[in-house]
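Okay, here's what each chain looks like letter by letter:
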Amino acid sequence: MKGIVVTLMAGAILLTSCQESLEDRCAREAKEFTEKNCPRAVDKEIVLDSMTFEKATHTISYLYTLNGTLDDPQRIDSTHFRELLLMEVKNSTNLKLYKDEGYAFRYAYYSQKNNGTKLFEATFRESDYR
């Protein structure tokens, strides 16, 4: 009986030590998502190029390329665009786990026709989406 208890305790310790932290999980999932799904057309003029995670700042980043009529700095109303993205973050149930932990969400949009020139960037922290 004592041997069974020791074996169960050792198994529990081993399982606990093998559990992945939220940071490690987020980094792994971002990498796997990018490898399996990117580039991905979100719309005919928007392509999701990658998703990354920065452990030091707890920031999940989504990097996009714009093309067609959206690929124009004059067309991007940064205030309106930022508000729309913030509403997406606030309403997203997919981000709940990360929002509960206070992670930040960064969105960056680049130009296809102008060799990757950054057109827009916004980062939302816990104080923004709470």
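See the structure printed just above.
Model, not experiment: these values are computed from the prediction.

*Asks:* Where do I start with the pairing of strand β1 (residues 40-43) in this structure?
*Replies:* Every regular strand shows the same layout, with side chains that alternate between the two sheet faces. Of the strand pairs in this sheet, β1 and strand β2 (residues 46-54) are connected by 3 bridges, and their pairing is antiparallel. Following the sheet pairing, Arg-40 is matched in β2 by Leu-48. The turn joining β1 and β2, which pair antiparallel and follow one another in sequence, is formed by 2 residues.

*Asks:* I tried to follow the layout of surface pockets on my own but got confused; where do I start?
*Replies:* To find leftover empty space, a probe the size of one water molecule is rolled over the atoms. Taken as a whole, the largest pocket holds about 310 Å³ of empty space. Lining of the largest pocket is provided by 15 residues; of these, Tyr-62, Ser-92, Asn-94, Leu-95 and Tyr-107 occupy positions nearest its centre. Listed by contribution, the elements that provide at least two residues to the lining of the largest pocket are α2 (22-37), β3 (59-66) and α3 (78-91). Here the lining of the largest pocket takes 4 residues from α2, the largest share from any one element. Split into classes, the residues belonging to the lining of the largest pocket amount to 10 nonpolar, 2 polar and 3 charged. Of the pockets and cavities examined, the second largest pocket occupies roughly 230 Å³.

*Asks:* What am I meant to see in α3 here?
*Replies:* Because each turn of an α-helix spans 3.6 residues, side chains separated by three or four positions end up pointing in the same direction. For α3, spanning 14 residues, the distance from its first C-alpha to its last is 20 Å, which sits close to the expected 20 Å at 1.5 Å a residue. Buried within α3 we find Leu-85, Leu-86 and Val-89. Down the axis of α3, the smallest arc covering the buried residues is 105 degrees, so these residues share one side. Exposed positions of α3 whose direction lies more than 90 degrees from the buried face are Glu-88 and Asn-91.

*Asks:* Explanation requested: the pairing of strand β4 (residues 104-111) in the structure shown.
*Replies:* Burial of β4 is extensive: 7 of the 8 residues sit out of reach of the surface. Summarising the sheet, β3 and β4 pair through 8 bridges and their orientation is parallel. Each residue of the ladder has a partner; that of Thr-65, found in β4, is Tyr-110. With 6 bridges connecting them, β4 and strand β5 (residues 118-124) associate as antiparallel partners. When the sheet's bridge partners are listed, Tyr-107 is paired in β5 with Ala-122. Turn length for the β4-β5 hairpin, with the two strands adjacent in sequence and antiparallel, is 6 residues, and the turn residue Asn-115 shows positive phi of about 50 degrees.

*Asks:* For this particular structure, what's the right way to read α2?
*Replies:* Compared with the 22 Å implied by 1.5 Å per residue over 16 residues, the 21 Å span of α2 between its first and last C-alpha is a close match. When we look at burial in α2, the residues that qualify are Leu-22, Cys-26, Ala-30 and Thr-34. One side of α2 holds all its buried residues, which, seen down the axis, span an arc of 100 degrees. In α2, the exposed residues that point more than 90 degrees away from the buried face are Lys-31, Glu-35 and Lys-36. Looking at the buried residues of α2, the elements they touch are β2, β3 and α4 (96-100).

Parameters at a glance
- Residues numbered from 1 in each chain as written.
- Predicted model: local features only at pLDDT ≥ 70, side-chain atom pairs only at ≥ 80, totals over all residues.
- Heavy atoms only, no water.
- Pairing = 2+ DSSP bridges.
- Helix = DSSP H or I, 4+ residues; strand = E, 2+ residues; numbered from the N terminus.
- 1 Å grid on protein atoms, 1.4 Å probe; cavity = no way out; pocket = protein on both sides within 12 Å on 5 of 7 lines; lining within 4 Å.
- Points joined across faces, edges and corners; volume = space filled by probe spheres on them.
- Nonpolar A, V, L, I, M, F, W, Y, C, P; charged D, E, K, R; others polar.
- Expected span 1.5 Å × (residues − 1).
- Buried < 20%, exposed > 50% of the residue type's maximum accessible area, 1.4 Å probe, protein only.
- Arc of directions from axis to C-beta.
- Contact = heavy atoms within 4.5 Å.

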